[in-house]
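# Close look at the chain arrangement
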Amino acid sequence: MLIHIPALLSADEVGHFRAVLEAAAWTDGRVTAGAQSAMAKNNLQIPEDAAEARQLGAIILDKLGRNEAFVAAGLPLRVFPPLFNRYDEGMGFGAHVDNTIRFSGPVRFRTDLSSTLFLTDPADYDGGELVVMDTYGEQKVKLPAGDMVLYPASSVHRVETVTRGSRWASFFWAQSMVADDGRRALLYQMDQAIQTLAAQVGLDHPSVVSLTGAYHNLIRMWGET
Ligand code: NI
């Protein structure tokens, strides 16, 4: 399941992000890749512990915590500090799956969800699509600056070679309370249907109360905290 989250950042915020990133020191992106993905990867990143990454990452984490779609679709348990990458002309990232286990300092966590937050207007570059393989085939994603996509970290994905301009983005992983993509998709479907139903018949309708109870009890059954 791919979820498009529009306008996580406003145009002004994207401008602020880009100004901070302009001044940052970019390094070879292979430092965060596993052995297989390092072979396929060709991009630039801001080091994980750079002040710019921490400062902008904190803004993203704050927004995510208040974003209904991210919370409902991802059921996040913890979010890895956001990282920043850039694909200049000729750069891309071949097909790979992200590492399952990551460390943030001493904290070890499982990557269930991958995210890309786009920071460049699509008109400013050619190529650079994020291509995710899902159950329905290949999904090509190229979003307005400030929008993000959330997809299962278990998916094979790639970034097409940029043929003009430069594609800047933030990317990050989250561990979900519900590890299994299929279960998470069902819970999201149920959450959306309950909200639609509640808008029609009221939050206190016995069916809404019952379905809401079932939703929470499924999280209790499948989730970890
Ligand atoms: Ni990846």
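Before going into details, it helps to say that this report is about the structure given with it. Note that the structure is a prediction, hence the values are computed from the model and not measured.

Criteria and cut-off values
One numbering rule holds for all chains: residues counted from 1, following each sequence as written. Local features in this predicted model are restricted to residues whose pLDDT is 70 or higher, and side-chain atom pairs enter the listing and the counts only when it is 80 or higher, whereas totals over whole chains, interfaces and linings include all residues. With hydrogens and water set aside, each side-chain value is computed from the structure's full complement of heavy atoms. Strands are runs of DSSP state E lasting at least two residues, helices are runs of H or I lasting at least four, and both sets are numbered from the N terminus onward. With a 1.4 Å probe rolled over the protein chains alone, any residue whose accessible area is under 20% of its type maximum counts as buried; one over 50% counts as exposed, and the rest are partly exposed. Buried Ala, Val, Leu, Ile, Met, Phe, Trp, Tyr and Cys residues form a nonpolar core when they are joined through side-chain atoms within 4.5 Å. Residues are treated as being in contact if the distance between any of their heavy atoms lies within 4.5 Å. Multiplying 1.5 Å by the residue count of a helix minus one yields the expected span of that helix. The arc in question is formed by the directions pointing from the helix axis toward the C-beta atoms. Lines fitted to C-alpha atoms define the axes here, with helix axes fitted over just the stretch in contact, and angles between the N-to-C directions of these axes take values from 0 to 180 degrees. If an angle is under 35 degrees, it is roughly parallel; if it is over 145, roughly antiparallel; if it lies from 65 to 115, roughly perpendicular; otherwise it is oblique. Whether a crossing is left-handed or right-handed is set by the direction in which the near helix is turned from the far one by less than a right angle, anticlockwise for left-handed and clockwise for right-handed. In this classification, Asp, Glu, Lys and Arg are treated as charged, Ala, Val, Leu, Ile, Met, Phe, Trp, Tyr, Cys and Pro as nonpolar, and every other residue, Gly included, as polar. At least two DSSP bridges between two strands are needed for those strands to be called paired. Each metal's donors comprise the N, O and S atoms found within 2.8 Å of it (within 3.2 Å for Na, K or Ca). Water is not part of the atom list, so some coordination spheres may appear incomplete.

### A few points about unusual backbone geometry
Even without being a glycine, alanine 7 presents a positive backbone phi close to 45°. Residue placement: alanine 7 occurs in the loop between strand E1 (3-5) and helix H1 (11-22). Overall, alanine 7 belongs to the exposed group, its relative accessible area being 54%. If you check the backbone angles, leucine 75 has positive phi at about 40° while not being a glycine. The topology assignment puts leucine 75 in the loop between helix H4 (68-74) and strand E5 (76-79).

### Digging into the nonpolar core
Judged by nonpolar contacts, the single largest core of 43 residues is most densely connected at Leu21, Ile46, Ile60, Phe84, Leu117, Leu119 and Met148. Contact partners of isoleucine 60, with chain neighbours within four places excluded, come to Leu8, Phe17, Pro82, Phe84, Leu117, Ser170 and Phe172.

### Examining helix H3 (residues 51-65)
Between its first and last C-alpha, H3 extends 21 Å over 15 residues, near the 21 Å set by a 1.5 Å rise per residue. For H3, the set of buried residues is Ala53, Leu56, Gly57, Ile60, Lys63 and Leu64. Take H3 and look down its axis: the buried residues cluster within an arc of 120°, on one side only. Exposed residues pointing more than 90 degrees away from the buried face of H3 are listed as Ala51, Arg54 and Gly65.

### Observations regarding the packing of helix H5 (residues 181-201) against helix H6 (residues 206-222)
Contact geometry of H5 with H6 gives a least axis separation of 10 Å together with a crossing angle of 160°. On the basis of the axis angle, H5 is roughly antiparallel to H6. In this structure, the crossing between H5 and H6 has a hand that is left-handed. Contact residues: H5 offers Arg183, Leu186, Leu187, Met190, Asp191, Ile194, Leu197, Ala198 and Val201, while H6 offers Val208, Leu211, Thr212, Ala214, Tyr215, Leu218, Ile219 and Trp222. By residue class, the composition of the contact of H5 with H6 is 14 nonpolar, 1 polar and 2 charged.

### Observations concerning the pairing of strand E8 (residues 101-104)
Only one face of E8 is buried, namely the one carrying Arg102 and Ser104, since none of Ile101 and Phe103 on the opposite face is buried. Across 4 bridges, E8 lies against strand E9 (residues 107-110) in antiparallel orientation. Across the sheet, residue isoleucine 101 finds its bridge partner in E9, namely arginine 110. Counted along the chain from E8 to the antiparallel partner E9, the turn is 2 residues long, and its residue glycine 105 has a positive phi close to 60°.

### Comments concerning the coordination of the nickel ion
Those protein atoms acting as donors to the nickel ion are His96 (NE2), Asp98 (OD) and His157 (NE2), and they sit at 2.1 to 2.2 Å. The sequence motif formed by the donor residues of the nickel ion is H-x1-D-x58-H. Taken together, the residues histidine 96 in strand E7 (residues 92-96) and histidine 157 in strand E14 (residues 157-159) connect sequence positions 61 residues apart. Taken individually, histidine 96 and histidine 157 each receive the classification buried, so the pair is uniform in this respect.

So, to be careful, I would describe these as geometric facts and stop short of saying anything about function.
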